[in-house]
Amino acid sequence: MMSRSYTNLLDLAEGNFAALGPAGGGGRRQGSFGLKRMSRVMTVPGTLSELDGEDDSERAATNSVASDVPSSVGSDRMIVVSNQLPVVARRRPDGRGWSFSWDDDSLLLQLRDGIPDEMEVLFVGSLRADVPVAEQDEVSQALLDRFRCAPVFLPDHINDRFYHGFCKRQLWPLFHYMLPFSSSASDATTSSSPGTGRFDRSAWEAYVLANKYFFEKVVEVINPEDDYVWVHDYHLMALPTFLRRRFNRLRIGFFLHSPFPSSEIYRTLPVREEILKALLNCDLIGFHTFDYARHFLSCCSRMLGIEYQSKRGYIGLDYFGRTVGIKIMPVGVHMGQLQSGLRLPDREWRLAELQQQFEGKTVLLGVDDMDIFKGINLKLLAFENMLRTHPKWQGRAVLVQIANPARGKGKDLEAIQAEIQESCRRINGDFGQSGYSPVVFIDRDVSTVEKIAYYTIAECVVVTAVRDGMNLTPYEYIVCRQGAPGSESMSEVSGPKKSMLVVSEFIGCSPSLSGAIRVNPWNIEATAEGMNEAISMPEQEKQLRHEKHYRYVSSHDVAYWSKSFVQDLERACKDHFRRTCWGIGLGFGFRVVALDPHFTKLNIESIVNAYEISESRAILLDYDGTLVPQTSINKAPSAEVLSIINILCSDRRNTVFLVSGRDKDTLGKWFASCPKLGIAAEHGYFLRWSREEEWQTCTQALDFGWMEMAKPVMNLYTEATDGSSIETKESALVWHHQDADPGFGSSQAKEMLDHLESVLANEPVSVKSGQFIVEVKPQGVSKGLVAERILASIKERGKQADFVLCIGDDRSDEDMFENIADIMKRNIVAPRTPLFACTVGQKPSKAKFYLDDTFEVVTMLSALADVTDPELETDSAYELSASISSLDIGDEQSESADRTIGG
C-alpha cells in the first residue's frame, strides 16, 4: 500500500492543492513571471521519463525549457537556491517602489568568491519582505536585471506552514536532537515558536508545496545543459526530487548547514525515507563534519539498505547506478570582509572606549543568538562556578555575553530567557563590587564594528552551544585578534598575537580547532575548569595556539569551502552526458537509474517471435527473486510456475534449467512434479539433467576439510551478533545477517570476511560477501560456469543452441550474463543466435534486457508456453546427460568465472 506521504506528493506535484485550502494569502502561482522569455531547447541525450499523470503541457516543458536569463553557449552557470535571497529589500520612504541592496553578511553572497570568474552565478530564493501581488512582477524584473536574483513569492498561508510549521517546529528541533514528547505545542499553524511539536501532515504538505514553488522558479531560469544547481539547507530538501524528475541529467549539489542527527533520532520522523530519497537525487551532498555525514550514511544504511564506499579519499553511495558523492567540508569566514571591518574608522574609538571600561580586567566573551540550543544559561552557570572555585578571579574576570535578539517565540525560549536573567542578577549580586559587574549582558542588536571591538579586547571566547551546525564565532574572534595586515593603530593590542577558545564539543567548528579547550557544556564543573585553564595559560602557549588556529582559519575561508565544493560537484557530474538515464518511480520514490546505452526492456513479442523460429533452445532460470519474489514468505513455487515449466520442458527443442544458489534437496522437493527440468543447485556445484538422473558435481571429488576451519570462525561471529545465522550447504557455508542490526551486522560481515580470508588463505575456496551474507564455497563454482557447461553440452550433441534465454535478479546472475555474452565468440552457440540475457528490475547490469518484477517474468514465460508445441515430446535432456561428463571447461576458465555469489 502506498503511504499517505507518497500520495500527498503526487497530489501536490500534479497541481491538486485542495488539501491545503484555497489559494491566496498574498502570493501567486509561479509561472506568470511576466518577463521577456528566450526560448531554450533541451538537447540532453537520453530518455526522459514520462511519468503517470503528466499532461501534455508538462511533457512539452520537459523537452523545451524556457529561460529568462540568456547565457553564452557552452558556458557553465551556477544557480544557487536557498530559502532566502542574499538581498535586503526596503520600501522607499515615499512609499513608491522598493530599494534593494546586497546583504554583505549572507554566506550565499560570500560563496561567489570561490566560484570561477567565468561561471555566472544566479540566485533563487524568497525575500525577507512582504511584496504585494501587484508589485511582484516589477520587483522580480528589477532583481533579475540588477542582482541576478529570481525571487520566489510564497502565499502567506503556505509560507507560515512551510517555514514556521515544518522547518522550525519539525526539522530544526529534530536536527538539533529535540523530540516532541508532548503534544502541547503541536499546533504548528498558530505559533511562530521554534520549539518542537508532534508531526503535522498539513505542515509536511505545505513543505512539499513550497519546495515545488522553488522548483518552478528554477525551471523559469534554467538551462539544463549548462547549469549547475546548488541547493542550501534543510528548508529545501524535497527540491532535488522535483528537479531530477524534470531533468534527468541536471547537475545538482546540496549542502546542509545544520547538524544531521543520529539514526536513532532521525528515524522518529514519519517522512524519514521520503527526505532521504529526495536528497539522494543529488549528485553531491555536503556536511560540515564527518559526524553529520556519518549519521546520514547510517540512516541510508538502516532505512534504505544502501551502503557507502570510500575510494581514493572520496565517499560515495551507489544509488541505482549513480554515485552520490558525500562532501565533508566546514564552511569558513570571509577574510576580506572581516579585515575591512578591522580598518573601519569607528573601530578606533570603540576599542579605546572598551579598553578603558575593562581596564585591568580579563574579559571572556560570548556571542550567541538567543535560542534554546546556544547554551547561554549553561555558560553563566559555569562562569559562576569558576568564580566560586577560583576566588582569585573575583573582581578581575568579566563575562561579556552578547545575545542577538530572538527570532521566535515560545514557552521553552521564554523559560531560558527568564533563567538567564535570574542568573545574571544572582552572579552580579553575589560577586559584584563597586565599579565591578562580573556579568555584562547585552541583549540588543550589536553593530559589526562594535562586535569586532569586543572580539579584539577579549582574552577568551566561550561557546557552550548544546547543538549547533557550524558556529563561526570562534573563527571571527581569531581573525579579529590577529588584526588587519599593515594596520597597526594606537588602540591595537600590542605584542605577539594571542587568543584562547573554550568551545562545546557539539558544534561543527570544534573538530577544526585542535588548539581549543573542548568541553561538554552540560558538565558545569568541567566547563568552569576549562575557562580557568584558558585564561590562566602561559602567554607563550596562547600565542602558539593562536598561530595554529589563524593559519587554518585564514587558509580555509568561505572561498576555499565554495571552491572545493564546486570542484567536487564537477567531478561527481563528469559522466552525466555520456550515460543513458531512466527516470522511474512515483512521488519521493522517484530516482534516476544510470544504465548501459543498450539496456532496454525485454519485448515479449520480439522474444516470442525469436522463440517460434528457433530449433534448439536453452532456457536458464534463476529462482529467488525471478520466479518468486524475494519478499515472499512462502518460497515454494506456485502451481502456475510449475505448469509453465512443464509445458516448456515438454518441447523436444527446449533445454530448460533452474540455476539457483539453493541446496539440491530443497529444489528437488519443490520441483518433483517437473520430471524433465534440469536443476543446477548451489550455484552449479550439483547438477542433474532430469528427475530420473543422479546428481553430478561440477568438479572432481574435493576435500571439504576447510569447513572445519571456517565453521568455528562463523560460530564466533554468530554468537556475538544477535539475529545472525549460519546456513550449511553440502558445498558451502553461508553466514546471514539480514535480521541483525544493520550497522553492526555490516561491520561484523566485513571483519568476518577479512578473518576468513586469512584463515583460508591456503585452501581451494573463495570467500565472498553479498547482500546480507558472507559465503565460503569451492573455487570454480559459479552460475556463469554452469551456464557454459549446459550450452557446451548442447553443442556436443551436434545441434548448437540458436536461442538462449537467461534470467536472474542478483549479483550471482551477473556472472551468468557475462559468460553468455562471450559464448558467441567461442562458437559454443550457432551464429547469429539471439541472446536474451535479462535481469529483474531496472538496475545496472551486464544483461542487455530487463523485466520489472517476477510478475512480468512469469507473464513472459507464459507467453512462450502459449506458443510451445507439447506434442513434440522427446527425452532430449536424457541425450545430454551422457555428454556432460566428457566436457572439461578448464581450470583457468573456472577460476575466471568465480566472481559473484547469491541466490
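No experiment lies behind these values; they were computed from the predicted model shown. (Residues numbered from 1 in each chain as written. Predicted model: local features only at pLDDT ≥ 70, side-chain atom pairs only at ≥ 80, totals over all residues. Heavy atoms only, no water.)

**A look at the pattern of salt bridges**
For step 1, the next point in the chain: One pass over the full model with this rule turns up 39 salt bridges.
For step 2, the next point in the chain: One salt bridge connects Lys498 with Glu539, and the closest N-O pair in it is separated by 3.4 Å. Taken together, the residues span a long stretch of sequence, with Lys498 in the loop between helix 16 (473-482) and strand 16 (500-504) and Glu539 in helix 18 (residues 539-555) at a distance of 41 residues.
For step 3, the next point in the chain: Taking relative accessible area as the criterion, Lys498 reaches 14% and is therefore assigned buried.
For step 4, the next point in the chain: For Glu539, a relative accessible area of 40% corresponds to the partly exposed category.
For step 5, the next point in the chain: Among the charged side chains, a salt-bridge network with shared partners connects Glu459, Arg481, Lys498, Glu539 and Lys542. (Salt bridge = Lys/Arg side-chain N within 4 Å of Asp/Glu carboxyl O. Helix = DSSP H or I, 4+ residues; strand = E, 2+ residues; numbered from the N terminus. Buried < 20%, exposed > 50% of the residue type's maximum accessible area, 1.4 Å probe, protein only.)

**A few points about the pairing of strand 4 (residues 120-126)**
For step 1, the next point in the chain: With 6 of 7 residues buried, strand 4 is to be regarded as a mostly interior element.
For step 2, the next point in the chain: Pairing analysis gives 6 bridges linking strand 1 (residues 77-84) to strand 4, with the strands arranged parallel. The residue of strand 4 that forms the bridge with Val81 is Val124.
For step 3, the next point in the chain: As paired elements, strand 4 and strand 5 (residues 149-151) share 3 bridges and run parallel to each other. When the bridges of strand 5 are listed, Gly125 appears paired with Pro151. (Pairing = 2+ DSSP bridges.)

**Comments concerning the nonpolar core**
For step 1, the next point in the chain: Counting residues in each nonpolar core, the largest one holds 178 residues, and the members touching the most others are Phe260 and Phe296.
For step 2, the next point in the chain: A total of 12 residues in this core trace back to one element, the largest contributor, which is helix 6 (residues 201-221).
For step 3, the next point in the chain: Here Phe260 is in contact with Phe175, Tyr177, Tyr266, Leu276, Phe287, Tyr292, His295, Phe296 and Cys299, once residues within four sequence places are set aside.
For step 4, the next point in the chain: Ranked by size, the runner-up nonpolar core spans 43 residues in total, among them Tyr623, Ile644, Tyr685 and Met860. (Core = buried A, V, L, I, M, F, W, Y, C linked by side-chain atoms within 4.5 Å. Contact = heavy atoms within 4.5 Å.)

**Details of the packing of aromatic side chains**
For step 1, the next point in the chain: A complete count under the given rule lists 30 aromatic pairs for this structure.
For step 2, the next point in the chain: Ring geometry for Phe255 against Phe565: centres 6.0 Å apart, planes inclined by 75 degrees, an arrangement best described as edge-to-face. Note that Phe255 is positioned in strand 7 (residues 251-255) and Phe565 in helix 19 (residues 558-572), a separation of 310 residues in sequence.
For step 3, the next point in the chain: Classification of Phe255 by relative accessible area gives buried; the value is 0%.
For step 4, the next point in the chain: Consider the rings of Phe260 and Tyr266, whose centres lie 5.1 Å apart with planes at 35 degrees: the pair is tilted. In this pair, the class of Phe260 matches that of Tyr266, namely buried. (Phe/Tyr/Trp six-rings, centres within 6.5 Å; stacked < 30°, edge-to-face > 60°.)

**Notes on the sheet that holds strand 14 (residues 439-442)**
For step 1, the next point in the chain: The sheet built from 6 strands is open, its strands ordered 14-13-12-15-16-17 with parallel pairing. Among the strands making up the open sheet, the edge pair consists of strand 14 and strand 17 (517-519). Sheet twist, expressed as the mean angle between neighbouring strand axes with direction ignored, is 20 degrees.
For step 2, the next point in the chain: Pairing analysis gives 4 bridges linking strand 15 (residues 460-463) to strand 16, with the strands arranged parallel. Of the residues in strand 16, the one forming a bridge with Val463 is Val503.
For step 3, the next point in the chain: Of the strands in this sheet, strand 12 (362-369), strand 15, strand 16 and strand 17 touch helix 17 (residues 524-536), which is tilted by about 170 degrees from strand 17. (Axes fitted to C-alpha atoms, helices over the stretch in contact; angles between N-to-C directions.)

**So, unusual backbone geometry**
For step 1, the next point in the chain: Of note in this structure, Glu682 is not a glycine but carries a positive phi near 50 degrees.
For step 2, the next point in the chain: Checked against the element boundaries, Glu682 lands in the loop between strand 23 (678-681) and strand 24 (686-688).
For step 3, the next point in the chain: Classification of Glu682 by relative accessible area gives buried; the value is 2%.
For step 4, the next point in the chain: One non-glycine residue, Arg832, lies in the positive phi region at around 60 degrees.
For step 5, the next point in the chain: When you line up the elements, Arg832 lands in the loop between helix 26 (811-822) and strand 31 (835-840).

**Notes on the sheet that holds strand 27 (residues 733-736)**
For step 1, the next point in the chain: The antiparallel open sheet is built from 4 strands, whose spatial order is 26-27-29-28. Looking at the sheet topology across the chains shown, the edges are occupied by strand 26 (725-728) and strand 28 (765-770). The mean inter-strand angle of the sheet, taken between neighbouring strand axes irrespective of direction, is 15 degrees.
For step 2, the next point in the chain: In this structure, strand 26 lies alongside strand 27, joined through 4 bridges in antiparallel fashion. Among the inter-strand pairings, Ser725 is bridged to a residue of strand 27, identified as His736.
For step 3, the next point in the chain: This element, helix 23 (residues 706-720), spans strand 26, strand 27, strand 28 and strand 29 (773-778) of the sheet and lies at about 10 degrees to strand 27.

**Some details on the packing of helix 12 (residues 345-357) against helix 15 (residues 448-457)**
For step 1, the next point in the chain: Where helix 12 contacts helix 15, the axes come no closer than 9 Å and their chain directions differ by 45 degrees. With respect to helix 15, the axis of helix 12 lies oblique. Helix 12 and helix 15 meet at a crossing whose hand is right-handed. Residue-level contacts link Asp346, Arg347, Arg350, Leu351, Leu354 and Gln355 of helix 12 to Val449, Glu450, Ile452, Ala453, Tyr454, Thr456 and Ile457 of helix 15.
For step 2, the next point in the chain: The residue makeup of the contact of helix 12 with helix 15, split by class, is 7 nonpolar, 2 polar and 4 charged. (Parallel < 35°, antiparallel > 145°, perpendicular 65-115°, else oblique. Left-handed = near helix turned anticlockwise from the far one by under 90°. Nonpolar A, V, L, I, M, F, W, Y, C, P; charged D, E, K, R; others polar.)

**Digging into helix 7 (residues 239-246)**
For step 1, the next point in the chain: With 8 of its 8 residues buried, helix 7 lies for the most part within the structure.
For step 2, the next point in the chain: Those residues of helix 7 that sit buried are Leu239, Pro240, Thr241, Phe242, Leu243, Arg244, Arg245 and Arg246.

**Observations concerning the pairing of strand 6 (residues 227-232)**
For step 1, the next point in the chain: The buried count for strand 6 comes to 6 of 6 residues, which makes it a mostly enclosed element.
For step 2, the next point in the chain: Both faces of strand 6 are covered, namely the face carrying Asp227, Val229 and Val231 and the face carrying Tyr228, Trp230 and His232.
For step 3, the next point in the chain: Of the pairings in the sheet, the one linking strand 1 to strand 6 comprises 5 bridges and is parallel in character. Its bridge partner being in strand 6, Arg77 is matched across the sheet by Asp227.
For step 4, the next point in the chain: Both strand 6 and strand 7 contribute to a ladder of 5 bridges, which runs parallel. When the bridges of strand 7 are listed, Val231 appears paired with Phe254.
For step 5, the next point in the chain: Once the chain exits strand 6 it traverses helix 7 before rejoining the sheet at strand 7, and the crossover so formed is right-handed. (Right-handed = clockwise from strand over helix to strand, strands pointing away.)

**A few points about the packing of helix 15 against helix 16**
Each pair of packed helices can be summarised by the angle the axes make with each other and by the distance between the axes.
For step 1, the next point in the chain: Put simply, helix 15 and helix 16 touch, their axes get as near as 8 Å, and they point 75 degrees apart. With respect to their mutual orientation, helix 15 and helix 16 come out roughly perpendicular. Touching Lys451, Ile452, Tyr455, Thr456 and Ile457 of helix 15 are Thr473, Glu476, Tyr477, Cys480 and Arg481, all from helix 16.
For step 2, the next point in the chain: A per-class count over the contact of helix 15 with helix 16 returns 5 nonpolar, 2 polar and 3 charged.

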